[in-house]
Amino acid sequence: MSTYRASPLMGQMMDQPLLISSIIEFADRHYGHSEIVSRRVEGDLHRYTYRDCHRRARQLANALAALGVEMGQRVGTLAWNGYRHLEAYYAISGSGAVLHTINPRLFADQVAYIVDHAQDQYLLFDLSFLPLVTAIASRCPSVKGWIALCDAERMPDSALPNLLCYETLLAQQTDDFSWPRFDENSAASLCYTSGTTGHPKGALYSHRSTLLHAYGSAMPNALNVSSHDTVAPVVPMFHVNAWGLPYSAPLAGAKLVLPGSALDGASLYDLFEAEGVTFSAGVPTVWLGLINHVMQHGLRFSTFRRTVIGGAACPPAMMATLIDELQVEAIHVWGMTEMSPIGTTGGLQVRHLAQDLPAQRAVLQKQGHAVFGVDLKIVDDAGVELPWDGVSCGNLLVKGPWVISRYFGDEDSALVDGGWFPTGDVASIDADGYMQITDRSKDVIKSGGEWIGTIELENIAMAHPAVLQAACIGLPHPKWDERPLLLVVLRQGVDLTLEQMLQFYEGKIAKWWTPDAVVFVDSLPLGGTGKLLKNKLREQYRDYHFAGASQGR
Ligand code: AMP
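Note that this is a predicted model, so its numbers are computed, not measured.

Calculation criteria
Residues numbered from 1 in each chain as written. Predicted model: local features only at pLDDT ≥ 70, side-chain atom pairs only at ≥ 80, totals over all residues. Heavy atoms only, no water. Helix = DSSP H or I, 4+ residues; strand = E, 2+ residues; numbered from the N terminus. Rg over C-alpha atoms; globule rule 2.2 N^0.38 Å. Contact = heavy atoms within 4.5 Å. Areas by Shrake-Rupley, 256 points an atom, 1.4 Å probe, with all protein chains shown as cover. Disulfide = S-S within 2.5 Å. Buried < 20%, exposed > 50% of the residue type's maximum accessible area, 1.4 Å probe, protein only. Near = heavy atom within 4 Å. Polar contact = N/O pair within 3.5 Å; in protein donor to acceptor, adjacent residues only side chain to side chain. Nonpolar A, V, L, I, M, F, W, Y, C, P; charged D, E, K, R; others polar. Pairing = 2+ DSSP bridges. Phe/Tyr/Trp six-rings, centres within 6.5 Å; stacked < 30°, edge-to-face > 60°. Lys NZ or Arg CZ within 6 Å of the ring centre and 35° of its normal. Axes fitted to C-alpha atoms, helices over the stretch in contact; angles between N-to-C directions. Patch = residues over 30% accessible without salt bridge, like charges linked within 9 Å, V, L, I, M, F, W, Y side chains within 5 Å. Salt bridge = Lys/Arg side-chain N within 4 Å of Asp/Glu carboxyl O. Left-handed = near helix turned anticlockwise from the far one by under 90°.

We now examine the overall build of the chain. Each helix and strand counted, the chain has 16 helices and 25 strands in total. The C-alpha radius of gyration computed for the chain amounts to 24 Å, which stays within 12% of the reference 24 Å derived for 553 residues, consistent with globular compactness. In terms of overall dimensions, the chain has C-alpha extents of about 75 × 65 × 50 Å along its principal axes. Pairs at least 24 apart in sequence give 66% of the contacts found in the chain among residues at least 6 apart. Taken as a whole, the chain presents about 23,700 Å² of accessible surface, with 52% of it coming from carbon and sulfur.

Set out below in structure tokens:
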């Protein structure tokens with residue numbers, strides 16, 4: 001219900017709820033022949049159209065009704081990006097139940113916690129997750145049935161109680177189903193944050209928030225999705241609804257290419273080339289694999305022209321390779337689970353085109369300006385708003401119709417300061433509204449009363465040709481409170497000394513920002529969504545002593 005005052009003269013337009021089912025209905029009617037191509041866990045490519053997807057989603061909606069799933073009840077999914085998962089997206093939300101996408105890369109204990117917390121009634125899973133499902137089943141009393149996303153021939157021989165076959169359930173139903181109409185503020189889908197501390201927390205999206213996000217994110221200055229595109233969401237459908245692409249691509253009539261579980265560079269390259277992918281979206285670690293494959297084998301893309309990169313900062317060196325070497329336009333996006341997820345998108349505006357290359361790259365390196373619908377501000381630790389001068393850094397707060405107001409199951413509001421959501425990110429905003437993330441507030445290094453942003457230190461390290469990956473963490477220091485330690489993964493077959501790494505910082509940043517030490521490591525710990533687990537690194541290096549720093553206080 002609206003909390004806003006009604007005018008004595010209300011508008012006289014149709015009161016039509018914004019519902020997720022309308023997207024697949026629209027795609028069926030107007031782009032019914034647009035293709036959806038999926039790499040299946042079975043290993044082959046599956047190919048059909050939006051019209052087929054809509055038909056099978058209606059069959060699934062009938063199957064859910066036959067199983068007794070009611071409006072508002074949660075149905076979980078543990079699945080890769082694929083056509084059956086897409087059918088679940090529309091059938092579950094469209095029939096008024098709540099699609100609960102679960103990140104299978106979380107620990108089994110966390111998955112069990114999430115399923116129980118959400119009180120999932122049924123859970124649909126790809127066969128690759130059978131061991132996970134078997135491990136957690138006894139701890140998920142709310143689940144009445146486990147639905148394997150396969151046909152009868154591939155049904156596993158398993159002792160899992162109430163194991164059901166997806167294709168058999170569909171085959172038992174007709175496609176005669178009319179999508180129900182209900183309040184657009186009804187819950188539509190649920191996604192738990194991949195929080196690195198404490199229990200995961202659920203963001204419960206509504207039909208209205210999802211549709212507005214789909215409209216807003218598809219716009220030309222945002223993801224710019226159209227019916228001329230072939231869109232490959234590499235970002236998983238189990239993490240913040242693949243950045244809304246399963247909604248914005250059908251809404252725009254784009255061909256969809258769903259890569260399944262094969263996310264290595266070679267598999268992605270082959271799929272992009274075979275299906276004529278023009279646009280994709282993913283986190284930097286995924287692009288790292290794809291770029292390495294392409295560069296090592298001297299390959300080039302024939303259709304892939306644009307990608308959005310988010311979830312973590314895209315290092316300038318990666319952006320330069322994509323743009324200069326591979327002719328792929330690389331655009332930063334920033335957002336979070338709590339924001340459905342898109343908040344800002346980068347890219348150049350017309351007036352930037354007259355600037356020189358370094359100035360343009362500096363603009364591209366920022367996380368961008370707000371998508372219409374999202375409002376931003378930065379505040380200091382006392383909550384005082386800071387200027388948009390591109391220099392002042394503060395805690396980033398957001399508001400908008402696709403930003404959460406509280407976490408699922410929480411009584412308390414998640415908002416501060418009269419209705420703003422605190423993102424936990426530290427950022428600057430310039431006079432043109434371009435926002436740049438300098439750090440997560442818990443990762444920023446507090447040295448001698450000043451802040452050092454770790455993203456910039458990592459970006460510089462990764463611009464060195466010998467460096468594959470870098471992470472910077474703040475560790476306790478007896479004099480300065482905290483100082484930066486740089487952890488570096490080198491490219492295969494190259495050498496680099498500590499001195500050479502540190503020399504590389506000279507002239508690029510204030511001297512006191514330079515890391516105090518460098519440790520060369522074989523790999524860096526990544527979380528369930530491909531992000532660096534800095535709390536794990538801080539834990540691992542807790543007892544590290546900077547040479548020359550007396551530990552006595
Ligand atoms: P999640 O909710 O797992 O999607 O994580 C959201 C967090 O990822 C944000 O609060 C940021 O800290 C980080 N993040 C997302 N996009 C970017 C980006 N483009 N640059 C830097 N950090 C990002």
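What follows picks up the thread again.
Now for the state of the cysteines. Within this structure, the stated rule accounts for zero disulfides. With no disulfide of its own, Cys150 lies 4.9 Å from the sulfur of Cys165, the closest cysteine sulfur. Take Cys150: its relative accessible area is 0%, and that puts it in the buried class. Note on Cys165: relative accessible area 9%, which makes it buried.

For the rest of this paragraph, the subject is the site of the ligand. Taken together, 16 residues lie around the ligand, and Val333, Thr337, Asp425, Arg440 and Lys531 are the ones closest in. His239 places a side-chain nitrogen or oxygen 3.3 Å from an oxygen atom of the ligand. Out of a free accessible area of 500 Å², the ligand has 91% covered by protein chains. Per-element accounting of the shell around the ligand gives the leading share, four residues, to strand 14 (residues 329-335). Its residues placed into classes, the shell around the ligand shows five nonpolar, eight polar and three charged.

Here three bridges tie strand 14 to strand 15 (residues 342-345), and the two strands are oriented antiparallel to one another. Its bridge partner being in strand 15, Trp334 is matched across the sheet by Thr344. Linking strand 14 back to strand 15 in an antiparallel pair, the connection comprises six residues, with Ser340 at a positive phi of about 75°. Sheet topology note: the strand 15/strand 16 (residues 369-370) ladder contains two bridges and is antiparallel. By the bridge assignment for strand 16, Thr344 is matched with Ala370.

The tally for this structure, following the rule as stated, stands at 14 aromatic pairs. Plain terms: the ring middles of Tyr89 and Tyr247 are 5.7 Å apart, the flat faces sit at 45° to each other, and that makes the pair tilted. One end of the pair, Tyr89, is in helix 3 (residues 83-94); the other, Tyr247, is in helix 9 (residues 245-252), with 158 residues separating them in the sequence. Judged by its relative accessible area of 1%, Tyr247 is buried. Ring pairing ties together the aromatic residues Tyr269, Phe272, Trp287, Phe301 and Phe304, which thus form one cluster. Taking the ring centre of Phe279 as reference, the NZ or CZ of Arg306 above it sits at 4.3 Å. The positively charged end of Lys508 is found above the aromatic ring belonging to Phe504, 3.7 Å away from the centroid.

As a further point, take the sheet that holds strand 8 (residues 187-192). Sheet architecture is open: seven strands sit in the order 7-6-5-3-4-8-9, paired in mixed fashion. A strand with exactly one partner marks an edge of an open sheet, and here the two such strands are strand 7 (163-165) and strand 9 (202-206). With direction set aside, neighbouring strand axes in the sheet form an average angle of 25°. Summarising the sheet, strand 8 and strand 9 pair through five bridges and their orientation is antiparallel. Considered in strand 9, the bridge of Ala187 is made with Ser206. Sheet strands touched by helix 4 (residues 108-118): strand 3 (74-78), strand 4 (98-101), strand 5 (122-125) and strand 8. Its angle to strand 8, the strand with the most contacts, is close to 155°. Packed on one face of the sheet, helix 7 (residues 207-218) meets strand 8 and strand 9 and runs near 80° to strand 9.

Further remarks concern a nonpolar patch on the surface. A contiguous nonpolar surface patch, about 300 Å² in accessible area, is contributed by Leu348, Val350 and Leu353. Its place among the elements puts Leu353 in the loop between strand 15 and helix 13 (357-365). Note on Leu353: relative accessible area 55%, which makes it exposed.

With that out of the way, let us pick up the packing of helix 7 against helix 9. Between helix 7 and helix 9, the shortest axis-to-axis distance is 9 Å and the interhelical angle comes to 65°. The element helix 7 and its partner helix 9 pack so that their crossing is right-handed. Residues Thr210, Ala214, Tyr215, Ser217 and Ala218 of helix 7 pack against Tyr247, Ser248 and Leu251 of helix 9. Across the contact of helix 7 with helix 9, the residue classes tally to five nonpolar, three polar and no charged.

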